[in-house]
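Summary of the model geometry
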Amino acid sequence: MFAAERRQLILEMVRANGAVSLRELARVVQTSEVTVRRDVRALEAEGLLDRRHGGAVLPGGFTRESGFPQKSHLATAEKTAIADLAAGLVEEGEAIVVGAGTTTQELARRLARVPGLTVVTNSLLVAQALAHANRVEVVMTGGTLRGSNYALVGSGAEQSLQGLRVSRAFLSGSGLTAERGLSTSNMLSASVDRALVQAAAEVVVLADHTKLGTDTMFQTVPTDVITRLVTDEPPAHDDRAATELQALADQGVQIAVAGSAAGAGGGDTVPAGRQSRRDMPLPGPRRGQAPGAGPQLRSTAALGEQQQGERARVADLRRR
């Protein structure tokens, strides 16, 4: 493929999706990420797109929201790895809320195996993934259907969440920065996500590395409200994503990083002997906490021990 043809295809992908990772672009145009990076620089110099943290976005600073068909084919291996790790945080008998998104849909498919679970959601895709799960109760919000992401939004959805209290909220979005937290491109979706957050004792954000450092119009979860971020391993050359992760950790967010297997989705191979997740240490406590009171990251086994200790609290929440 000639350079002009590659760049035209790159432009078409960015215009169709709003934001595309270099890894995905390289896979589609069948060349190396080094070559794609040169193409992206050339297109940026012409003002046709902007570079962002290992990817390319529409020019103008704020990415627009992609539709479900486009999102479902982006970073598939990364989303699978994130969903696998996030599912390990959910304990038998818990009551949780799960927001709309392709990554949360992947999580829901894994939650179908957790007995005694109650899942509150505004996502038709999440509900569908759990529809035939044994011993999993699905509670859907009311609201108006938003067809681009198969989610229920509006005042009906928000009112149905009033008075609800669950242990955790699992949310995704269009972008995540240490400065503003999680954000999305749609006002109605942002409003419902904020209502989901209000219902939860803890907030877990699911975001692949392409969303790190991306800022969109409507804030949904401020950084100081995010309990934990589950993300994938950024490419070795993506120093900006690593910097963003450290900035989030500096503000007290627990960071769990899952490895992703190589394949059609374009994920990184985890080298032999290397763990498929790594925990980033937190330099200090969350703002407003006493020294030593900040959250600390644990291995998967340690998280399981912590969750056993939470069972009594979860049972009490369900009785309320």
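Conventions we followed
Residues numbered from 1 in each chain as written. Predicted model: local features only at pLDDT ≥ 70, side-chain atom pairs only at ≥ 80, totals over all residues. Heavy atoms only, no water. Helix = DSSP H or I, 4+ residues; strand = E, 2+ residues; numbered from the N terminus. Buried < 20%, exposed > 50% of the residue type's maximum accessible area, 1.4 Å probe, protein only. Contact = heavy atoms within 4.5 Å. Areas by Shrake-Rupley, 256 points an atom, 1.4 Å probe, with all protein chains shown as cover. Core = buried A, V, L, I, M, F, W, Y, C linked by side-chain atoms within 4.5 Å. Pairing = 2+ DSSP bridges. Axes fitted to C-alpha atoms, helices over the stretch in contact; angles between N-to-C directions. Salt bridge = Lys/Arg side-chain N within 4 Å of Asp/Glu carboxyl O. Expected span 1.5 Å × (residues − 1). Arc of directions from axis to C-beta. pLDDT = per-residue confidence, 0-100. Polar contact = N/O pair within 3.5 Å; in protein donor to acceptor, adjacent residues only side chain to side chain.

A separate point is the overall build of the chain. When helices and strands are counted, the chain shows eleven helices and 16 strands. Here the chain holds 320 residues, and 54% of them are scored as buried. In the chain, the share of contacts with a sequence separation of at least 24, taken over all contacts with a separation of at least 6, comes to 66%. Summed over all atoms, the accessible surface of the chain reaches about 13900 Å², with 51% contributed by carbon and sulfur.

The next subject is the nonpolar core. With 31 residues, the main nonpolar core has Leu176, Val205, Leu212, Val221, Leu229, Leu248 and Ile255 as its most contacted residues. Residue assignment for this core shows that the elements contributing at least two residues are strand E4 (95-98), strand E9 (166-171), helix H9 (187-198), strand E12 (200-206), helix H10 (239-250) and strand E15 (254-258). What Leu176 contacts, discounting residues up to four positions off in sequence, is Gly181, Leu182, Val205, Ala207, Lys211, Leu212, Gly213, Thr214, Ile226, Leu229, Glu244 and Leu248. Judged by nonpolar contacts, the second largest core, of 26 residues, contains Leu107, Ala108, Val114 and Leu130.

Here we come to the sheet that holds strand E1 (residues 19-21). Across the sheet, three strands lie side by side as E1-E3-E2; this open sheet has antiparallel pairing. The open sheet has two free edges, formed respectively by E1 and strand E2 (50-52), since each of these has just one partner strand. With strand direction ignored, the average angle separating the axes of adjacent strands in the sheet is 25 degrees. Across three bridges, E2 lies against strand E3 (residues 55-57) in antiparallel orientation. By the bridge assignment, Arg52 is partnered in E3 with Gly55. Here helix H2 (residues 22-29) sits on the sheet and contacts E1 and E3; the angle it forms with E1, its principal contact strand, is near 75 degrees.

By secondary structure assignment, the location of Val166 is in strand E9. On the basis of relative accessibility, which here comes to 2%, the residue Val166 falls in the buried class. With 32 residues separating them along the chain, Val166 and Gln198 place their C-alpha atoms 9.6 Å apart.

Our focus in this paragraph is the pattern of salt bridges. Applying the stated criterion across every chain, the model contains eleven salt bridges. Salt-bridge contacts for Glu94 lead to Arg168; the nearest nitrogen and oxygen are separated by 2.5 Å. A residue pair is termed long-range when its members are at least 10 positions apart, and Glu94 in the loop between helix H5 (76-87) and E4 and Arg168 in strand E9 qualify at 74 residues. Salt bridges sharing common partners tie together Asp84, Glu106, Arg109 and Arg110.

To continue, consider H10. Spanning twelve residues, H10 covers 16 Å between terminal C-alpha atoms, matching the ideal 16 Å at 1.5 Å per step. All of the buried residues in H10 are Ala241, Glu244, Leu245, Leu248 and Ala249. For H10, the angular spread of buried residues about the axis comes to 140 degrees, placing them on one side. Turned more than 90 degrees off the buried face of H10, the exposed positions are Asp239 and Thr243.

A residue-level look at the chain finds 75% of positions with pLDDT of 70 or above and a mean pLDDT of 78. With pLDDT under 50 throughout, residues 67-73 is counted as low confidence; its partners more than four residues away or in other chains account for 15 contacts. Counting interchain partners and residues more than four positions distant, the pLDDT-below-50 stretch residues 260-305 has 100 contacts.

Another point: the side chain of Thr216. For Thr216, the position within the fold is in the loop between E12 and strand E13 (218-221). Residue classification places Thr216 among the buried residues on the basis of a relative accessible area of 0%. Within the structure, Thr216 has its side chain in polar contact with the side chain of Ser183 (distance 2.6 Å).

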